[in-house]
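Understanding the architecture of this molecule
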Amino acid sequence: MAQQNREQWGTRAGFLLAAIGSAVGLGNIWRFPYIAYENGGGAFLLPYLVALLTAGIPLLILEYTIGHRYRGSPPLAFHRMSKPAAAIGWWQVVICFVIATYYAVIIAWAVRFAGFSLGEQWGDNPGAFFEQEFLQLTGQQPGTVTTFVPGVAWPLVAVWAIVLVVLLSGVRRGIEWANKIFIPLLALLFGILVVRALFLEGATDGLNAFFTPDWAALTSGSVWVAAYGQIFFSLSVGFGIMITYASYLRRRADLTGSAMVAGFANSSFELLAGIGVFASLGFIAVSQNMPLAELELQGINLAFVSFPSIISEMPFGASAFGLLFFGSLVIAGLSSMISIVQVVVASVQDRTGLTRVPAVLLVGGSASVISVGLYPTDSGIFFLDVADHFINQYGIALAGLVIVVVVAWFLRGLPKLQEHADATSTMRLGLWWRVTLGVITPVILGWMMWDSLSTEFTENYEGYPTALLLTAGWGVAVGAIVLGVLLALLPWRRQADDSPMFGDDTTEEGRR
Amino acid sequence: MSTSAIVMLVVSIIIIWGGLATAVLHLLRHPEEPESHDPE
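Residues numbered from 1 in each chain as written. Chains lettered and ligands numbered in written order. Predicted model: local features only at pLDDT ≥ 70, side-chain atom pairs only at ≥ 80, totals over all residues. Heavy atoms only, no water.

Identification of chain B as Methionine/alanine import family NSS transporter small subunit from Halostreptopolyspora alba is taken from an unreviewed UniProt entry.

The name an unreviewed UniProt entry gives chain A is Transporter, with Halostreptopolyspora alba as the organism. If you open the UniProt record of chain A and go to Sequence similarities (unreviewed entry), you find "Belongs to the sodium:neurotransmitter symporter (SNF) (TC 2.A.22) family." UniProt's Subcellular location (unreviewed entry) comment on chain A is quoted here verbatim: "Membrane". (UniProt positions renumbered as here; feature names shortened; annotations may be inferred.)

With 34 residues of chain A at the contact, the number on the chain B side is 27 residues. Buried surface at the junction of chain A and chain B, both sides included, amounts to about 2800 Å², of which 68% is carbon and sulfur. Our enumeration of links across chain A and chain B arrives at five residue pairs in polar contact (both at pLDDT 80 or more). At the level of secondary structure, the elements contributing two or more residues to the side of chain A that touches chain B comprise α1 (12-23), α4 (45-70), α10 (203-211) and α13 (255-287) of chain A. (Contact = heavy atoms within 4.5 Å. Buried area = accessible area lost by both parts, 1.4 Å probe. Polar contact = N/O pair within 3.5 Å; in protein donor to acceptor, adjacent residues only side chain to side chain. Helix = DSSP H or I, 4+ residues; strand = E, 2+ residues; numbered from the N terminus.)

Turning our eyes to something else, we now look at the nonpolar core. All names here are of chain A. The biggest cluster of nonpolar side chains holds 206 residues, and the ones touching the most others in it are Leu62, Trp109 and Phe304. In terms of residue count, the dominant contributor to this core is helix α6 (residues 86-117) (22 residues). Those residues within four positions of tryptophan 109 in sequence are excluded, and the remaining contacts are Phe130, Phe134, Leu135, Val152, Ile300, Phe304, Ile381 and Leu384. (Core = buried A, V, L, I, M, F, W, Y, C linked by side-chain atoms within 4.5 Å. Buried < 20%, exposed > 50% of the residue type's maximum accessible area, 1.4 Å probe, protein only.)

One number sums up the size of the second largest pocket: a volume of about 430 Å³. Contributing to the lining of the second largest pocket are 18 residues, with A:Leu17, A:Ile20, A:Val261, A:Ala265 and B:Leu20 lying nearest its centre. Of all the secondary-structure elements, those providing two or more residues to the lining of the second largest pocket are α1, α9 (171-198) and α13 of chain A together with α1 (3-29) of chain B. Residue classes in the lining of the second largest pocket are distributed as 16 nonpolar, one polar and one charged. (1 Å grid on protein atoms, 1.4 Å probe; cavity = no way out; pocket = protein on both sides within 12 Å on 5 of 7 lines; lining within 4 Å. Points joined across faces, edges and corners; volume = space filled by probe spheres on them. Nonpolar A, V, L, I, M, F, W, Y, C, P; charged D, E, K, R; others polar.)

Residue and element names in this part refer to chain A. Running from N to C, α6 and helix α16 (residues 356-374) cross one another at 55°; their axes reach a closest spacing of 9 Å. Judged on the interaxial angle alone, α16 and α6 are oblique. Along this stretch, α6 crosses α16, giving a crossing that reads as right-handed. For the pair α6 and α16, the contacting residues are Phe97, Thr101, Ala104 and Val105 in the first and Val363, Ser366, Ala367, Ile370 and Ser371 in the second. Per-class residue counts for the contact of α6 with α16 are six nonpolar, three polar and no charged. (Axes fitted to C-alpha atoms, helices over the stretch in contact; angles between N-to-C directions. Parallel < 35°, antiparallel > 145°, perpendicular 65-115°, else oblique. Left-handed = near helix turned anticlockwise from the far one by under 90°.)

What follows deals with the environment of A:Phe269. Residues and elements named next belong to chain A. Looking at the element boundaries, phenylalanine 269 is found in helix α13. Accessibility expressed as a relative area gives 9% for phenylalanine 269, which makes it buried. Spatially, the C-alpha atoms of phenylalanine 269 and asparagine 28 are 7.1 Å apart, while their sequence positions differ by 241 residues. The contacts of phenylalanine 269, once residues within four sequence positions are left out, are Val24, Asn28, Ile29, Leu186 and Phe190.

Let's shift gears to the environment of A:Met260. For A:Met260, the location among the structural elements is in helix α13. With 167 residues separating them in the primary sequence, A:Met260 and A:Met427 have C-alpha atoms 10.0 Å apart. In this view, A:Met260 contacts A:Ile57, A:Met427 and B:Ala23; residues no more than four positions away in its chain are not counted.

Here we come to helix α17 (residues 380-410) of chain A. All names here are of chain A. The largest bend in α17 amounts to roughly 35° and is located at isoleucine 391. The element α17 is largely enclosed, with a buried count of 26 among its 31 residues. Of the residues one or two after α17, arginine 412 is the one with positive phi, at around 45°. (Bend = angle between axes of the 7 residues up to and from the residue.)

With that out of the way, let us pick up empty space enclosed by the protein. Considering all chains together, one arrives at five cavities of 30 Å³ or more under this definition. Taken as a whole, the largest cavity spans an internal volume of roughly 100 Å³. For the largest cavity, the full set of lining residues is A:Phe32, A:Ala36, A:Gly41, A:Gly42, A:Phe44, A:Leu45, A:Tyr48, A:Phe210, A:Phe211, A:Leu271, B:Ser12 and B:Ile16. When residues of the lining of the largest cavity are traced back to their parent elements, those giving at least two are α3 (32-38), α4 and α10 of chain A together with α1 of chain B. Its residues assigned to classes, the lining of the largest cavity shows nine nonpolar, three polar and no charged.

Right, let's get into the confidence of the model for chain B. Should the pLDDT be low somewhere, the predicted coordinates at that spot are not to be read in detail. Taken residue by residue, chain B gives an average pLDDT of 87. The fraction at 70 or more is 82%. Scored as a whole, the predicted complex attains pTM 0.94, and scored at its interfaces, ipTM 0.91. (pLDDT = per-residue confidence, 0-100.)

So, in structure tokens, the structure goes:
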């Protein structure tokens, strides 16, 4: 009889809050509002819901079921499913490692900007402040490093310290405990921010721009691809996070019910973010007498250029509004960051048999050294932007595509996984689940891949120098695949898979 | 706000937040069974 020694969540609510904390991240705040606005406004709801129900939630159920049935981090879970598939798991581990190194940097910026909100220290020109004073960009060739930026480095060290302390404390006492504080706090802070934003002058103009439906957009294929892309990137599927988190569930766990809650909770926060962000953008458009479309509406520039302008224009309570906004970014980022690093930690633990503390120190130590060495420099934002773009497209999305193709088509594993999910959940999966994963998701992800690859070969991403794209972009994305395969091939002294599975693909004796 | 924007705001809220409420209620109606005799 195997020793049951795998860590477990304390409560179902704890697992759900951690899963929601992982899914709700920076993308919910700075990506969704713009994507919806650009792709039909209010009409975007339709493709968005279709994507949630035909790809997002089915993928969440798939990852939960893999993690729960095979009870392991991605490399171990895929290894148990089929030995060669372990390479997919290791690929996801490398992807998570790369993302962790730069994700922490954005949280560090948000920490500093929460501080800058007190007294609006960015002055009259937040754009120049962010690029020149804060990041110390001097108009040099993107990719060349000339100086180290201590103002980014020290909050970055603090972010890593917080993440590692949480992970050192374990699944229940660290991750679950942190998310039980983070998620209610995030909902509270962001809720207050949205209510305040709704009472700003011009808020209704912003909401008009966000919600007015352009029904003609629904006939455009790119709008539907954008909806699937948003659902895919927003739900934290494709990283192996949900596999890892589900591996700490008890034997009796409502996998489909949990996926419904996590999927709708993530979308609920996105909708709230859309309302808050566009109400605020409506305000700045009115107060600066500019068309809304000419503002910075998404991503890093929305957060670190547009929002400082909004905060500076506030009639009263500006500092508080800044603290709410950047505080929300920090919390949303930390809960996602914790889950990303946990994938790597859990995989190292499962493979080597190391206990939690040395595994966290090994993983956290190496990732934080790279993170602190590379990104607090005057080319940090370029490394970050390029690595993020390529690892998203040719890491997360490509891994998602490979997983559905391998699991559904090659291993024909969906009926077995469906049986497992049905045996432990209250809602039964039907043929629709196998169709969404076996047909709809691979077709859409395949199309997204083709679409983005063809753009890549037509023009340089953001016009960056080819050398930068080849190293920080292609080099990182292709390197992750190669490294994933190599890690799966490495002979190890022992396979530390001695915690029992909840499925029965192999016998107990077969694995020992 | 225009009527169509208000309608889409309300519809989005009802479907997405309503979906969350329904999913949470569904889970609450099916509490986890205690694992007193986990067969290993």
